[in-house]
Amino acid sequence: MSSATVEAWPEGPAGLVGRTRRGFRRWRRTRPFWGGLLAMLAGVPILYFPYAHLSLGGLTVAMSTTAGAGSLIIGLMLIVLGLTAWFQPLVRVFCGVATTILALISIPVSNLGGFGLGLLPGLVAGGLLVSWAPLQARPEAAGQGAAASEEAPAEAPTAVLPAQAAAEQPLEYGAAPRPAAEEEQQ
């Protein structure tokens, strides 16, 4: 279930916590929240592991690579792309494609993409960012109010392409197709 198909919850208590939760929910539903969050979380292990010194028992293991600067750039870019998707939802497709490419580049550059802890969330985040679409406004029934919208479900909007409109009208030999608005006037 996505946020595009969820019905609005009834208004709850009017306290500060309730208003804050509703405000955050409204904000979250108007942008690719989960894709941005996963992109930021994917950047953390990619950024961390090349500079980490882990100790296993009494043995210190340093996983620094020669591409530490590349890991730093990839990790920071994933975090910035996640934030950008949150605050500029119009560039979500670019952010999703860039997140996917950076997650794939992190395989050879950053210890197999942060040992998979950055690679897998990065790939999922890229898919979520590319596939997210803003919620469409509900069409209100003119003059009938909310009662009409509860009785009959709204029909899904369909687009008619110019080629489809022209295909419905028979053409004379050698005639150019006319726009639908021009035909309605005649």
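Look above for the structure.
Residues numbered from 1 in each chain as written. Predicted model: local features only at pLDDT ≥ 70, side-chain atom pairs only at ≥ 80, totals over all residues. Heavy atoms only, no water.

Novice: I'm lost on the overall build of the chain in this one. Help?
Specialist: When its secondary structure is counted, the chain shows 9 helices and 2 strands. When the helices and strands of the chain are listed from N to C terminus, the series reads α-α-β-β-α-α-α-α-α-α-α. Here the chain, with 186 residues, has 26% of them falling under the buried criterion. A separation threshold of at least 6 residues defines the contact pool for the chain, and within that pool the share at least 24 residues apart is 65%. Working note: accessible area of the chain is about 12,900 Å², and carbon and sulfur atoms make up 67% of it. (Helix = DSSP H or I, 4+ residues; strand = E, 2+ residues; numbered from the N terminus. Buried < 20%, exposed > 50% of the residue type's maximum accessible area, 1.4 Å probe, protein only. Contact = heavy atoms within 4.5 Å. Areas by Shrake-Rupley, 256 points an atom, 1.4 Å probe, with all protein chains shown as cover.)

Novice: I'm lost on the packing of aromatic side chains in this one. Help?
Specialist: Each pair of aromatic rings is reported with the distance of its centres and the angle of its planes. Per the counting criterion, the structure on display carries 8 aromatic pairs. Measuring from ring centre to ring centre gives 5.0 Å for Phe33 and Trp86, while their planes differ by 5 degrees; the resulting arrangement is stacked. Taken as a pair, Phe33 in helix α2 (residues 33-48) and Trp86 in helix α3 (residues 68-87) lie far apart in primary sequence, 53 residues in all. The pair Phe33 / Trp86 is uniform in exposure class, with both members buried. Where Trp86 meets Phe87, the ring centres are 6.3 Å apart and the plane angle is 80 degrees; that geometry is what we call edge-to-face. You can call Trp86 buried: its relative accessible area is 12%. What makes Phe87 exposed here is its relative accessible area of 52%. Following the ring pairs from residue to residue traces out a cluster consisting of Phe24, Trp27, Phe33, Trp34, Trp86 and Phe87. (Phe/Tyr/Trp six-rings, centres within 6.5 Å; stacked < 30°, edge-to-face > 60°.)

Novice: Is there a simple way to think about a nonpolar patch on the surface in this case?
Specialist: Taken together, the side chains of Val93, Val97, Ile101, Ile105 and Val130 define a hydrophobic patch exposed on the protein surface, amounting to about 380 Å² of accessible area. Sorting elements by how many residues they give to the nonpolar patch places helix α4 (residues 92-109) first, with 4 residues. The topology assignment puts Ile105 in helix α4. A residue is classified by how much of its surface remains accessible, and Ile105, at 39% relative accessible area, is partly exposed. (Patch = residues over 30% accessible without salt bridge, like charges linked within 9 Å, V, L, I, M, F, W, Y side chains within 5 Å. Salt bridge = Lys/Arg side-chain N within 4 Å of Asp/Glu carboxyl O.)

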